[in-house]
Amino acid sequence: CAVKAAHVLSEIAKNEEMKKPCIEADLVPTLIPLLESTDQEMLLHAGRAIGRICYDNRNLQEELVKVGVIPSLVRILTDYAESEPLVHVALLALYNLADLDSAKEALSMTKVAEQLVKQLRRAESHERLEIVFEVLQSLAENDALKVQLVDAGVPEVLSEILLRLQGSSQAEDTCIVKAASDLIVSLLLGGKKGNTTGQVHKESTSKTIVLILARHENSQSKGSLNSEFASFISIMFLTSLTCLALPLSSDGNCLRLFQLGVIHQLLDLLEKHVQSGDTSVQQAALSALQSLAVPVVSKVQMLEEGVAERIEALLRSESPPVQFKLLGTLRTLADGQADAAEILGQDPLLLNRLVQWCSESDHSGICGEANRLLASILHHNRSQEVVKAIQAAQGVKHLVSMTTSEHVAMQNEALNALAIASAIDLETLEESFKESQLVQSLHKLLRDDNTSPEVKYNSMSLLCRLLNSGDLRQEIEEDKIKDTLEQLCSHSNADVVKEAITTLQVLRGET
């Protein structure tokens, strides 16, 4: 009798005009307990009735979540995974509820990810795939669920679907490929900053990308690459990796990505889209390269692959966002690598472009990044030729200006770079230092009470280098920096005091 009543209600609820009387009669609370039944026919009719009555009614849907409908739906997926009608009812219900934050929170406490993976593997129709995709896309908006979905293997199953459908010209298959592609990107993008699951998600994602690309490589014979699918694989990788800062523990993953030829796919895609003018792909590719260039082992590999030279082809780009990404990528590559700094520091095209960007008043971000790259090249370089090249490109004056930046980090980068360059070839830099009034700028930093202790310390370190030049020593003496140094001997910061004493000794010729 109860089964028949549930069946009747499910049929009545098909009529839009009958929904309101069903709600007013409090039929939904009466139907909810029926979802715990072990009778499949009862589950089917009760599920349909509840779904039809509550469709497009947010208040009722919220009530459903409150009274615990989520665990019941996941139980149906778990216990009756082979029953097409019941699975369809449960998936439709999840589809209607998944946009609710309360539903996502409730689902994060279940094993719904595992059940959705099973349904992805079982799905044979486009309709079934689409509804599972819709549920997954909604759940991927929640950071905790996103990690669960990645860990459960959803991206890998989606990649299997893509491989199965690649090359198909049917419109329905094309829609599935697009939806699966979008879903992989959504899942592999990182969580909110500061979220405690962030590091776990990064590590899971980097491993997942490697697995997907490895599966793709193994499924292809050499040279036989479906162009549309290859483009997706590249863009998917680029976009997802954009949000990753691969941890040092992922060195093995980075090397695996290189072995899979990812670096060449990235560079090929970059060069292709420089010609087409697609700046969004250029930015994504550069972000991916920048992430890959963080571990030291990757920097060496990227240098051997000729990454620096190929990236520089982007210098002709007139897109400020692309220029900004380009500069950041090259700076990451040069960080800690003398070989990279030497390659970049002896490229006249790059240096001239950098000097031009250093004067870019309309784009302060680009101006700052150009200055930072120049400083990084000098800092990590050990060659006189690089010092001479930057001097010839008139880049020194910009680094002197950078010492008075409003950003302490940039001030220190400039001071350290100039100190290292002065130790390598002070004679070459001497005239530029005089013209740009470096000594006077340093004195101003030392006198200013607002200057940070680290900047004062680095300013004095640079002064010690400048004292090796007769002309610059004379400027230092004439500017009465000695008096300022003596005052700094009583500074509250111990490191500043120590460096002031050392600089005074050098100035007096005591060392």
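Residues numbered from 1 in each chain as written. Predicted model: local features only at pLDDT ≥ 70, side-chain atom pairs only at ≥ 80, totals over all residues. Heavy atoms only, no water.

The protein chain is annotated in an unreviewed UniProt entry as GDS1 protein from Motacilla alba.

(A) Local environment of the overall build of the protein chain. Helix and strand content of the protein chain: 32 helices and zero strands. Split into buried and exposed, the 511 residues of the protein chain put 52% on the buried side. Excluding contacts between residues fewer than 6 apart, the proportion of contacts in the protein chain whose partners are at least 24 apart in sequence is 72%. Total accessible area on the protein chain stands at roughly 23,400 Å², and carbon and sulfur atoms take up 49% of it. (Helix = DSSP H or I, 4+ residues; strand = E, 2+ residues; numbered from the N terminus. Buried < 20%, exposed > 50% of the residue type's maximum accessible area, 1.4 Å probe, protein only. Contact = heavy atoms within 4.5 Å. Areas by Shrake-Rupley, 256 points an atom, 1.4 Å probe, with all protein chains shown as cover.)

(B) Quick peek at unusual backbone geometry. In this structure, D56 is a non-glycine residue whose phi angle is positive, near 65°. Its location among the elements puts D56 in the loop between α4 (40–54) and α5 (58–66). Located in the positive-phi region is Q437, a residue other than glycine, with phi close to 55°.

(C) Region of interest: the UniProt feature "repeat: ARM" (unreviewed entry) in the protein chain. As annotated by UniProt and renumbered to match this structure, "repeat: ARM" (unreviewed entry) occupies residues 68–107. Helix and strand shares over residues 68–107 are 80% and 0% respectively, and the end C-alpha atoms of the span are 11 Å apart. (UniProt positions renumbered as here; feature names shortened; annotations may be inferred.)

(D) Expanded view of the nonpolar core. In this structure, L354, F433 and L466 are the most contacted members of the largest nonpolar core, which totals 77 residues. A per-element tally of this core places helix α27 (residues 408–435) first, with ten residues. Residues in contact with L466, not counting those within four places in the same chain, are S422, L426, F433, L438, V439, L442, L472, R473 and I476. (Core = buried A, V, L, I, M, F, W, Y, C linked by side-chain atoms within 4.5 Å.)

(E) Local environment of the pattern of salt bridges. Applying the stated criterion across every chain, the model contains 18 salt bridges. One salt bridge connects K66 with E63, and the closest N-O pair in it is separated by 3.9 Å. Of the two residues, K66 and E63 are both situated in helix α5; the distance of three residues between them amounts to about one turn of the helix. Two residues, E413 and R372, come together in a salt bridge whose shortest N-O distance is 2.6 Å. With E413 in helix α27 and R372 in helix α24 (residues 364–380), this residue pair connects regions lying 41 residues apart in the sequence. On the basis of relative accessible area, E413 is assigned to the partly exposed category, the value being 23%. For R372, a relative accessible area of 21% corresponds to the partly exposed category. (Salt bridge = Lys/Arg side-chain N within 4 Å of Asp/Glu carboxyl O.)

(F) Local environment of the environment of V74. Mapped onto the elements of the fold, V74 is located in helix α6 (residues 69–79). For V74, a relative accessible area of 7% corresponds to the buried category. With 38 residues separating them along the chain, V74 and V112 place their C-alpha atoms 6.0 Å apart. Those residues in contact with V74 that sit more than four places away from it in its chain are L107, T110, V112 and Q115.

(G) Spotlight on the environment of V135. Within the secondary structure, V135 is located in helix α10 (residues 126–139). The exposure class of V135 is buried, given its relative accessible area of 1%. For the pair V135 and L91, spaced 44 residues apart in sequence, the C-alpha separation works out to 7.7 Å. Once residues lying within four places of it in the same chain are set aside, the contact partners of V135 are L91, L94, Y95 and L116.

(H) Structural context of the confidence of the model for the protein chain. For the protein chain, the average pLDDT comes to 83, and 84% of its residues sit at 70 or higher. The spread of mean pLDDT over the elements of the protein chain runs between helix α15 (residues 227–242), the lowest at 49, and helix α29 (residues 453–466), the highest at 97. This stretch, residues 190–201, has a pLDDT under 50; its non-local contacts, to residues over four places away or in other chains, come to 17 contacts. Here residues 220–229 is a poorly scored stretch, pLDDT under 50, and it has twelve contacts once near neighbours within four places are set aside; other chains count. (pLDDT = per-residue confidence, 0-100.)

(I) Focus on α10. For α10, built from 14 residues, the straight-helix expectation of 20 Å at 1.5 Å per residue is met to within 8% by its first-to-last C-alpha distance of 20 Å. For α10, every residue scored as buried is listed here: R128, L129, I131, V132, F133, V135, L136, S138 and L139. (Expected span 1.5 Å × (residues − 1).)

(J) Geometry of empty space enclosed by the protein. One pass over the full model with this rule turns up four cavities of 30 Å³ or more. Its volume calculated, the largest cavity comes out at about 120 Å³. Along its surface, the largest cavity is lined by 13 residues, and I50, G51, L64, A93 and L97 are the ones closest to its centre. Those elements giving two or more residues to the lining of the largest cavity turn out to be α4, α5, α6 and α7 (84–97). Element by element, the count of residues in the lining of the largest cavity is highest for α4, at four residues. Here the lining of the largest cavity is composed, by residue class, of nine nonpolar, four polar and no charged. (1 Å grid on protein atoms, 1.4 Å probe; cavity = no way out; pocket = protein on both sides within 12 Å on 5 of 7 lines; lining within 4 Å. Points joined across faces, edges and corners; volume = space filled by probe spheres on them. Nonpolar A, V, L, I, M, F, W, Y, C, P; charged D, E, K, R; others polar.)

(K) Layout of a negative patch on the surface. Taken together, the side chains of E127, E130, E134 and E172 present a region of like negative charge at the surface. Locating E130 in the fold gives a position in helix α10. On the basis of relative accessibility, which here comes to 40%, the residue E130 falls in the partly exposed class. (Patch = residues over 30% accessible without salt bridge, like charges linked within 9 Å, V, L, I, M, F, W, Y side chains within 5 Å. Lys, Arg positive; Asp, Glu negative; His and termini not counted. Charge placed at Lys NZ, Arg CZ, Asp CG, Glu CD.)

(L) Representation of the packing of α7 against α10 within the structure. The geometry of α7 relative to α10 is characterised by a closest axis approach of 9 Å and an angle of 35° between their N-to-C directions. Once α7 is placed against α10, the crossing between them reads as left-handed. Only E127, R128, I131, V132, E134 and V135 of α10 make contact with α7, whose side of the interface consists of E84, V87, H88, L91, L92, L94 and Y95. Partitioned by chemical class, the residues of the contact of α7 with α10 number eight nonpolar, one polar and four charged. (Axes fitted to C-alpha atoms, helices over the stretch in contact; angles between N-to-C directions. Left-handed = near helix turned anticlockwise from the far one by under 90°.)

(M) Main features of a nonpolar patch on the surface. Together, V8, I12 and M18 give the surface a local cluster of nonpolar side chains, amounting to about 220 Å² of exposed area. Here M18 shows up in helix α2 (residues 16–24).

(N) Representation of the side chain of D425. Here D425 lies in helix α27. What D425 contacts, discounting residues up to four positions off in sequence, is Q384, V387 and K388.

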